[in-house]
Amino acid sequence: PPFLAMAAAQKQFEELVRGKLRKLSPSQEGIQTLSLWLLHHRQRAASAVQMWLAELYAAPPPQKLKFVYLASDVLLQSRKKGTEFKTAFRACVQEALLHVFGTCDGKVKKAVQRVVGIWQERAAFETSFLATITAAFEAASNDGGPATPSSIHVGGAHTPRTAAGAVSTSPIKTVDAVEPAVLVRHLAELEALDAQIATLMEQLKQLPEEPPAGTDCEAWKKDSESVVAQCQTSLAAATAKRQEFMAQLQAGLSQQRLHLTESQNQLTGCREKLEKATQLKKTLRTHLASLPEEMVAAPSEEALADLDIDALIATGSDNDG
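The shown structure was predicted, so the numbers you read here are calculated from the model rather than taken from an experiment.

On a plain count of helices and strands, the chain comes out with 12 helices and zero strands. Ordered by position from N to C terminus, the α and β elements of the chain give α-α-α-α-α-α-α-α-α-α-α-α. Relative to its 321 residues, the chain shows a buried fraction of 33%. Taking the intrachain contacts of the chain between residues at least 6 apart in sequence as the baseline, contacts between residues at least 24 apart amount to 70%. Summing over all exposed atoms, the chain offers an accessible surface of approximately 19,100 Å²; the carbon and sulfur share of this is 55%.

Time to look at the nonpolar core. If you look at the biggest cluster of nonpolar residues, it comprises 49 residues, and the most contacted ones within it are Trp52, Leu70, Phe85, Phe89, Leu97, Trp119 and Phe125. Within the residue set of this core, elements represented by two or more residues are helix H1 (2-22), helix H2 (28-40), helix H3 (45-58), helix H4 (65-77), helix H5 (84-90), helix H6 (93-103), helix H7 (106-121) and helix H8 (127-143). Looking at this core, the element that brings in the most residues is H4, giving eight residues. Sequence-distant contacts of Leu97, defined by excluding residues within four places in its chain, comprise Val68, Val112, Val116, Trp119, Ile133 and Phe137. With six residues, the next largest nonpolar core counts Leu200, Leu204, Leu207 and Val227 among its residues.

All chains considered together, the criterion is met by two salt bridges. A salt bridge links Arg22 to Glu55, with the nearest nitrogen and oxygen atoms 3.2 Å apart. Remark: Glu55 occurs in helix H3 and Arg22 occurs in helix H1; sequence separation between them is 33 residues. The exposure class of Arg22 is exposed, given its relative accessible area of 56%. Taking relative accessible area as the criterion, Glu55 reaches 10% and is therefore assigned buried.

As a packed pair, H6 and H7 sit with axes 9 Å apart at the nearest point and diverge in direction by 155°. As judged from the angle between their axes, H6 and H7 are roughly antiparallel. Taken together, the residues of H7 that come into contact with H6 (itself represented by Val93, Leu97, Val100 and Phe101) are Val108, Lys109, Val112, Gln113, Val116 and Trp119. A breakdown of the residues in the contact of H6 with H7 according to their chemical character gives eight nonpolar, one polar and one charged.

Here we take up the packing of H3 against H6. The contact between H3 and H6 brings their axes to 11 Å, and the two run at 10°. Judged by the angle between their axes, H3 and H6 are roughly parallel. Packed against H3, whose contacting residues are Trp52, Leu53, Leu56 and Tyr57, the element H6 presents Glu95, Ala96, His99 and Val100 at the interface. When grouped by side-chain class, the residues that make up the contact of H3 with H6 number six nonpolar, one polar and one charged.

Before going further, it helps to spend a moment on H6. Most of H6 sits out of view: eight of its 11 residues are buried. Within H6, burial applies to Val93, Gln94, Ala96, Leu97, Leu98, His99, Val100 and Phe101.

On to the confidence of the model for the chain. Scored by pLDDT, the chain comes out at a mean of 76, with 75% of its residues at no less than 70. Across the chain, element-level confidence peaks in H4 with a mean pLDDT of 95 and bottoms out in helix H12 (residues 309-320) with 57.

This part covers unusual backbone geometry. With a phi angle near 55°, Ala123 is a residue other than glycine that sits in the positive phi range. Positionally, Ala123 belongs in the loop between H7 and H8. Take Ala123: its relative accessible area is 52%, and that puts it in the exposed class.

With that settled, consider the packing of aromatic side chains. Taken as a whole and assessed by the stated rule, the structure comprises six aromatic pairs. Judged by centre distance (4.4 Å) and plane angle (15°), the ring pair of Phe101 and Phe137 falls under stacked. Of this pair, Phe101 sits in helix H6 while Phe137 sits in helix H8, and the two are 36 residues apart along the sequence. For Phe101, a relative accessible area of 2% corresponds to the buried category. What makes Phe137 buried here is its relative accessible area of 1%. Lying over the aromatic face of Phe101, Lys109 brings its terminal NZ or CZ to 5.2 Å of the ring centre.

What follows concerns the environment of Leu97. Within the fold, Leu97 resides in helix H6. What makes Leu97 buried here is its relative accessible area of 2%. C-alpha separation for the pair Leu97 and Lys109, spaced 12 residues apart in sequence, amounts to 9.3 Å.

What follows covers the environment of Ala238. Within the secondary structure, Ala238 sits in helix H10 (residues 217-290). In this view, Ala238 contacts Leu190, Leu193 and Ile197; residues no more than four positions away in its chain are not counted.

Turning next to the side chain of Ser72. Structurally, the position occupied by Ser72 is in helix H4. A relative accessible area of 9% means that Ser72 is categorised as buried. The contact partners of Ser72, leaving out residues within four places of it in the chain, are Val115 and Trp119.

Rules behind the numbers
Residues numbered from 1 in each chain as written. Predicted model: local features only at pLDDT ≥ 70, side-chain atom pairs only at ≥ 80, totals over all residues. Heavy atoms only, no water. Helix = DSSP H or I, 4+ residues; strand = E, 2+ residues; numbered from the N terminus. Buried < 20%, exposed > 50% of the residue type's maximum accessible area, 1.4 Å probe, protein only. Contact = heavy atoms within 4.5 Å. Areas by Shrake-Rupley, 256 points an atom, 1.4 Å probe, with all protein chains shown as cover. Core = buried A, V, L, I, M, F, W, Y, C linked by side-chain atoms within 4.5 Å. Salt bridge = Lys/Arg side-chain N within 4 Å of Asp/Glu carboxyl O. Axes fitted to C-alpha atoms, helices over the stretch in contact; angles between N-to-C directions. Parallel < 35°, antiparallel > 145°, perpendicular 65-115°, else oblique. Nonpolar A, V, L, I, M, F, W, Y, C, P; charged D, E, K, R; others polar. pLDDT = per-residue confidence, 0-100. Phe/Tyr/Trp six-rings, centres within 6.5 Å; stacked < 30°, edge-to-face > 60°. Lys NZ or Arg CZ within 6 Å of the ring centre and 35° of its normal.

If you want it as structure tokens, here you go:
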């Protein structure tokens, strides 16, 4: 049946891509040759990129960079041909680059950063998405360890601190906002596509392997090809929509992590200020208790509560300096 033929063709394509990736030469000619071949099969970009990601993870550290160069060449060369590869890579390239950055030596890390810089110059992805990757690289470099998606904070690396070492409560630059209504709309569109695909798949199952007796063979062939083509188009649309939905979810998650970090910074700042205020009150009480009673009367709790703590803390800090 046609749907079995489609499944067999898909499996054959994946095996072909896997074989070409494993034989990929790190030379410019080898990378450009495979890049052109992939662009010729851009309608199956999602499958090709999944094979690319699997082989990148499986490759030893010295061989990972050639896969980054391949992805870059495909991305840049595909800009005038369609968005299939851009959509497919956007769903996983951040994860892939962070993996390479965290497992390879400094020379490879610099090369990966140069690749992202070229993407920024040529607008391979939106600015906020590339800024997230760049910030993750900076965070990994500052910490001396591998970067992970959960450590990404656009506009700075992890928790910002002042020159004195205190936690800063200034707002962190955030990624583009993700409206809940957009996520709901994407989910509804996905459900509609899934229902459409289920209907088409049922039609595929009901197609006879051979044209029924007395049927116009040419008409039967056209009808069968039409159903298969509709199914393929719907599957491609669902794949692209699902990748877009995943990207929106990732952006929303990053946004919430940034808000959480900002709240934690503010909470830490408040706790530090409270601790200093408590210590200052104890110091005042000790100092007043050491004075003769006829010189000063002990202040009431209300008076201590009305003190300008911020000003006193600042004065105390200046005196300590």
